[in-house]
Structures are given as C-alpha cells and as structure tokens.
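Residue-level structure breakdown
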Amino acid sequence: MEKIILSKLSKDELVDYIVSNNEKKYRAEQIFSWIWAKNAKSFDDMTDVKKEFRAFLNENCLITDCKIKQRQISNDGTIKYLIEFKDGCVAETVLMRFDNRANLSMCVSSQVGCKMGCIFCATGKNGFKRNLLPYEIVSQILLCQMDTDLKITNVVFMGQGEPLDNFENVTRAIELINKNLQISIRRMTLSTSGIVPKIYELAKNNLVPTLAISLHAPNHQIRKEIMPVEKRYDINSLQRALIDFSNQTKDRVTIEYILIGGLNDTDKCAGELIEFLKDIKCNINLIPYNEVEGLSDFKKPDKKSSMRFKYLLEKSGKKVTIRLERGADIDAACGQLAGKVK
Ligand code: SAH
Ligand code: SF4
C-alpha cells in the first residue's frame, strides 16, 4: 500500500486522518508540531507519541518522500541542497544565512528546469522537465530544517523554475508555508520573469507574497534579446500589470535588474529605466551578473560601474540596493542553479 505523505496535509486534514485511525485530536496536534515546528526527522523522534502509534505511523506514513541527495556548504555559510523527488527528478534549494541570525532565508525551486529560456540563466539551459507539487516545494524547507535543526524565517521563490508557470501548486505551497510552517506572508517573495496574466491573478489571491520582477532591461529591444518571454508579454503590458498589482495590494514591488557589463548598464539605460519605473511603486534590486559556465560570454560589471548605475537610479528617489552575492563558490548564486549532480 502507498504510504500517506503527511507533508501534503493541512492541519485539519491531518487531524481527520489521525482521528479516523482511532487516535485523539491532541495526538494529531503533537504530530503536526513535530513535523512543522520541531524538525522531527522520523516518527521515532516524536517522543511524546506512544510507541504503538509510532509503529502505526512508521508502517503507514512518511513525513516526506523527498530526499537530500547532496549538500554543499559555501565559504560564506550558504548551503545548497540537491533534492531528489520520488520519480528521480532533482532540483536545488539554497539556505542563505545573513549576519543577522534572525533571518534565515530559503530560496526554493518551483519547477524541474524552466521553459522560459532566459539566455543568461543556467536553469533554462537544460529545458523543462515538470512542475513541482506543493509538498515537493514545502519539503525543500522541511528537509533543510531537519538537516540544520534551524527554523527558516523567510522564503523566496527564486530557485529553479518560473513560479507563475506553476501557479496553482505554488499558491497551495504558499498556503502550507504560511499555515503549517507559520511563516508570515510578509516574509515571502515570489520572483517572476513576467507572465502578465498571472500577475493580475496573483494580486487576487488570499495570500499575496511580495512580488519581484525580473526586468533586466529598460526597453523592449534589449529585453527581447535576453528574455524570450518579452515576445509574448512585452514590457508595456508588464508595466501596466505592475501598476495594477501595487494598487491592488498596496505594496511596493521589487524590480530585479541584472547588471550585464556593456549591455544594460549604460547611463542611457539608467535614464530609460527611471522613466519606465516612474509610475510604479517599487524598490530596485541590482544583481551583478553571475558568470555561468558554458552559457553566454556576458561579463560581470566592475564595481565602479555598478555603483555609478545605482547612484544614477537613486536620483529618481527610489530605494536601490545591490544584491549581495551568496554561495558563488558552490554555484548557488542567482542564475547558477542548474541542478546538476557532481
Ligand atoms: N524564474 C524566476 C525566479 C528565479 S531566478 C525569475 O526569473 O524571476 C532569480 C533571479 O536571478 C531572477 O531575477 C533571475 O533573472 C536572476 N538571474 C538569472 N540568471 C542570472 C545570472 N546569471 N546572474 C545574476 N542573476 C541571474
Ligand atoms: Fe527561468 Fe527565471 Fe532562469 Fe528565466 S531567469 S530561465 S524565468 S529560472
């Protein structure tokens, strides 16, 4: 008989399952808390659950059927996991610890591969395999918590895949992360390459994470050269969607902009970007291009030109940050997640 995967269940569903197997409701609550709050690795860890019922759980259930296939630790403390799913597919997930210990951010994958084909990104290079299921997304966090015995505080959908191309599963995963892992929606960010109709849909969700947009160019010409999605949903329709999104949600969006030396980091681009963002309530996050082996011959911009670009944008009054590079020595930085087994 197939085992029941408990990380698929909401609290009510878990209670129903446990009660229908002749146990008390409080027993279900203990188990729920062991899985989601106390990082139990196995049912035998659940010491306040009586032995006979632990035996029942061992026989009939699994916390998750996803596994850590490989773990790499960066010099800066970033940990990259290669997660293997039941069908043998793999995806990467990254734990970032910032100096401030209260912030433990998990960068999760939403798909195996990606259809979007952005030319600067390692994930798209090997094409698309499949969508991840809600529990497969959540299991990335659970497995990391079990491995480190830490409690994740923030989740960013910035791993492999285009989250808005897997809308329903990502929406359900957000619910599980919020309700089961007790992570506030304010501590979740979803990054998209710009699937315009889904941005309108996301604004109507029950739980709406902070939206980050991979803009990467100030105009149609440059954007279509590096992001095929621009041919379907162009930058003007994206602009309207972003204005609508921040009106609906009363939230600022984050504009992600990879700085690629000589391509989109000129003074002219900065000027056009300011104009483009004029009516959008946003913060800007500049990402110095991370070189990806065997991809394009794009160059990382030098520090001085990144600082200049930042300075030019700041004159518009918007908040501009340069993203700290994490885990580049283990290919865990933005754009480097290829899901390859070494
Ligand atoms: N698919 C989603 C989310 C994952 S990517 C998206 O594209 O938004 C997380 C961020 O890393 C995106 O902004 C992406 O464009 C950026 N990125 C991709 N390749 C990169 C590279 N080589 N260097 C720096 N950032 C990169
Ligand atoms: Fe997919 Fe995002 Fe990579 Fe583009 S940048 S190929 S959308 S993962």
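Residues numbered from 1 in each chain as written. Chains lettered and ligands numbered in written order. Predicted model: local features only at pLDDT ≥ 70, side-chain atom pairs only at ≥ 80, totals over all residues. Heavy atoms only, no water.

Assigned domains within the protein chain: domain 1 (4-62) and domain 2 (67-330). Summarising the inter-unit geometry, the C-alpha centres of domain 1 and domain 2 are found 34 Å apart. Contact residues are listed per partner, giving 13 residues for domain 1 and 13 residues for domain 2. When the buried surface of domain 1 facing domain 2 is broken down by residue, K8, W36 and N39 rank first, second and third, together holding 52% of it. Scanning the region where domain 1 abuts domain 2 turns up one salt bridge. Scanning the region where domain 1 abuts domain 2 turns up seven residue pairs in polar contact (both at pLDDT 80 or more). Among the secondary structure elements, those contributing two or more residues to the side of domain 1 that touches domain 2 are α1 (11-20) and α2 (25-36). Looking at which element gives the most residues to the side of domain 1 that touches domain 2, the answer is α2, with three residues. (Domains from an automatic or database assignment. Contact = heavy atoms within 4.5 Å. Buried area = accessible area lost by both parts, 1.4 Å probe. Salt bridge = Lys/Arg side-chain N within 4 Å of Asp/Glu carboxyl O. Polar contact = N/O pair within 3.5 Å; in protein donor to acceptor, adjacent residues only side chain to side chain. Helix = DSSP H or I, 4+ residues; strand = E, 2+ residues; numbered from the N terminus.)

Let us now look at the site of ligand 2. Inspection of the region around ligand 2 gives C114, M116, G117, C118, F120, C121, G124, G161, E162 and S193 as its neighbouring residues. Its residues assigned to classes, the shell around ligand 2 comprises five nonpolar, four polar and one charged. (Near = heavy atom within 4 Å. Nonpolar A, V, L, I, M, F, W, Y, C, P; charged D, E, K, R; others polar.)

Located in the positive-phi region is D149, a residue other than glycine, with phi close to 55°. A relative accessible area of 56% places D149 in the exposed class. In this structure, Q182 takes a positive phi of about 60° despite not being glycine. Mapping Q182 onto the fold places it in the loop between α6 (167-179) and β10 (188-192). (Buried < 20%, exposed > 50% of the residue type's maximum accessible area, 1.4 Å probe, protein only.)

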